[in-house]
Amino acid sequence: MKVLMVGAGGKFAGLVVPELKRRGATVRALIRDAGKEDEVRRHGADEVVVGDLEDRGSLVRAAKGVEGAFHINPAFAANEAKLGVSMVQAAVEAGVRKFTFSGVIHPSVTKLKNHAAKLPVEEALCESGLVFTILQPTMFMQTLQGGWKEVVEKGSFTLPYSAKVKASYVDYRDVAEAAAIALSTDRLDYGTFELCAPGMLSRVELTAIMSEVLGRRIEAGNVSFDEWAATARIPEGPTRDGLRVMYEDYDQHGFPGGNAVVLRAVLEREPRGLKGFFQELAQSTR
């Protein structure tokens, strides 16, 4: 099977490539920047095409001759929904048979633009005639890596919302495996799947696990959004605006999920957990 991978040079979609290769797929990587060709080939891509999600013609050309396509939206893009729908339409026009979309848990929470933008893509898939699979992962564990330097150097883990509200997580490597299963088998055809590791944890509970892993106390810190965004070097624009609204919502409601029954059934094993994830981070910094 030949699969077109949208965003194969990215830190999340790039995790799907080796999972597809393990299942014997031929991977055609769609990249926007030709300078990333060597990188995606090192990750296992067999073919590389340059295209732009805003250029429908380039997407159709990229999708010609493939059986399946994987798509993950560029988060917080101002025209995120339009880009996703365009990819679905291009796949139909190119004669693609299967399409796997990595969306988000709770796309019906429409006050969060990065959630609401996934709904039109899901609708387009349902009306496309493609054999589709919609994955709805919760918060990626990999997003916690950005604060790991603070954890190691300062003994604290700080985010711009309450340390007491609970959130759910998933290791994107498990999502990548689910995507590869969807594209290489018929097990997940026409399904929509919420993907979560077990349980919901507050930042206080996260830092307790970090403390256990590192053998020293890690504090759960708080900071204003503007201070956090400045430290993270997030420029003014749609991404910063979207993150502000998202974190304000987390501050009130957390990020519910944590029911692992679906992911456990999809993978036919126990999902990766946060303790193991933090152990890997600790080993990588020793």
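Because the structure is predicted, anything quoted here is derived from the model rather than measured.

### Looking at the side chain of aspartate 171
Part 1 of the reasoning: Positionally, aspartate 171 belongs in the loop between strand E9 (166–170) and helix H8 (172–184).
Part 2 of the reasoning: Overall, aspartate 171 belongs to the buried group, its relative accessible area being 1%.
Part 3 of the reasoning: At 2.8 Å, the side chain of aspartate 171 and the side chain of glutamine 142 are in polar contact.
Part 4 of the reasoning: If sequence neighbours within four positions are ignored, aspartate 171 has contacts with Met141, Gln142, Arg272 and Phe277.

### Quick look at the sheet that holds strand E4 (residues 68–72)
Part 1 of the reasoning: On the basis of which strands lie adjacent, the open sheet formed by seven strands has the order E3-E2-E1-E4-E5-E6-E10 and parallel pairing. Edge positions in the open sheet fall to strand E3 (47–50) and strand E10 (191–195), since each of these has one partner strand only. With strand direction ignored, the average angle separating the axes of adjacent strands in the sheet is 20°.
Part 2 of the reasoning: Note: E4 against strand E5 (residues 98–102), five bridges, orientation parallel.

### Some thoughts on the nonpolar core
Burial of nonpolar side chains together is a common tendency in soluble globular proteins.
Part 1 of the reasoning: In terms of nonpolar packing, the biggest core is built from 37 residues, with Tyr169, Trp228, Tyr247 and Phe278 touching the most fellow members.
Part 2 of the reasoning: Mapped by element, the contributors of at least two residues to this core are helix H7 (148–154), strand E8 (156–159), E9, helix H9 (203–214), helix H10 (225–231), helix H11 (238–253) and helix H13 (274–284).
Part 3 of the reasoning: With residues up to four places along the chain from it excluded, the contact list for tryptophan 228 reads Thr158, Leu159, Pro160, Val223, Ile234, Leu243 and Tyr247.

### As for H8
Part 1 of the reasoning: The end-to-end C-alpha distance of H8 is 18 Å, a good match for the 18 Å that 13 residues give at a rise of 1.5 Å each.
Part 2 of the reasoning: Most of H8 is tucked away: 11 of the 13 residues are buried.
Part 3 of the reasoning: Turning to H8, its buried residues number three or more, namely Tyr172, Asp174, Val175, Ala176, Glu177, Ala178, Ala179, Ala180, Ile181, Ala182 and Leu183.

### A look at the sheet that holds strand E7 (residues 139–140)
Part 1 of the reasoning: Strands sit in the order E7-E9-E11 across an open sheet of three strands; the sheet is mixed. In the strand order of this sheet, the two ends are held by E7 and strand E11 (200–202), each with one partner.
Part 2 of the reasoning: Where E7 lies against E9, two bridges are found, and the strand directions are parallel. Paired with methionine 139 across the two strands is tyrosine 169, which belongs to E9.
Part 3 of the reasoning: The sheet contacts of H9 involve E9 and E11, and relative to E11 the element is tilted by about 90°.

### Considerations on the packing of helix H4 (residues 80–94) against helix H6 (residues 119–126)
Part 1 of the reasoning: Following both chains from N to C, one finds H4 and H6 inclined at 15°, their axes separated by 8 Å at the closest point. One element, H4, and the other, H6, form an angle in the roughly parallel class. Between H4 and H6 the crossing geometry is right-handed. In contact with Ala81, Gly84, Val85 and Val88 of H4, H6 contributes Pro120, Val121, Ala124 and Leu125.
Part 2 of the reasoning: Broken down by class, the residue content of the contact of H4 with H6 amounts to seven nonpolar, one polar and no charged.

### Thoughts on the pairing of strand E6 (residues 131–137)
Part 1 of the reasoning: In terms of residue burial, E6 counts as a mostly covered element, since seven of its seven residues are buried.
Part 2 of the reasoning: Where burial is concerned, the two faces of E6 agree: the one with Val131, Thr133, Leu135 and Pro137 and the one with Phe132, Ile134 and Gln136 are both buried.
Part 3 of the reasoning: Note that E5 and E6 share five bridges and pair parallel. What sits directly across from phenylalanine 101, in E6, is isoleucine 134.

### Re the environment of alanine 229
Part 1 of the reasoning: Tracing the sequence through the fold places alanine 229 in helix H10.
Part 2 of the reasoning: Linking alanine 229 and arginine 244, residues 15 residues apart in sequence, is a C-alpha distance of 8.9 Å.
Part 3 of the reasoning: Setting aside its immediate chain neighbours within four residues, alanine 229 contacts Ile234 and Arg240.

Calculation criteria
- Here the residue numbers are simple positions, counted from 1 along each chain's written sequence.
- Local features in a predicted model are, by the rule used here, given only for residues with pLDDT of at least 70; side-chain atom pairs are given and counted only at 80 or more, and totals for whole chains, interfaces and linings are based on all residues.
- Hydrogens and waters are ignored; side-chain quantities use all the structure's heavy atoms.
- Comment: elements are numbered from the N terminus, with helices defined as DSSP H or I runs of at least four residues and strands as E runs of at least two.
- When a residue's accessible area, from a 1.4 Å probe over protein chains only, is under 20% of the maximum for its type it is buried; when over 50% it is exposed; and in between it is partly exposed.
- In protein, a polar contact means a hydrogen-donor-capable atom and an acceptor-capable atom, both N or O and within 3.5 Å, with residues adjacent in sequence counting only if both atoms are side-chain atoms; elsewhere, any N or O pair within 3.5 Å suffices.
- Residue contacts follow a heavy-atom distance rule, with two residues in contact if any of their heavy atoms lie within 4.5 Å.
- When DSSP locates at least two bridges between a pair of strands, those strands are taken to pair.
- In this analysis, axes come from line fits to C-alpha atoms, helices being fitted only over the stretch in contact, and the angle between any two N-to-C directions falls in the range 0 to 180 degrees.
- The criterion is simple. A nonpolar core is a set of buried Ala, Val, Leu, Ile, Met, Phe, Trp, Tyr and Cys residues joined through side-chain atoms within 4.5 Å.
- In this analysis, the expected span of each helix is defined as 1.5 Å times one less than the number of residues it contains.
- Orientation categories follow fixed angle ranges, with anything under 35 degrees roughly parallel, anything over 145 roughly antiparallel, 65 to 115 roughly perpendicular, and all other angles oblique.
- For a crossing to be left-handed, the near helix must be turned anticlockwise from the far one by less than a right angle; the clockwise case is right-handed.
- Put simply, Ala, Val, Leu, Ile, Met, Phe, Trp, Tyr, Cys and Pro go in the nonpolar bin, Asp, Glu, Lys and Arg in the charged bin, and everything else, Gly too, in the polar bin.

Function-wise, these values are silent; they only describe arrangement.
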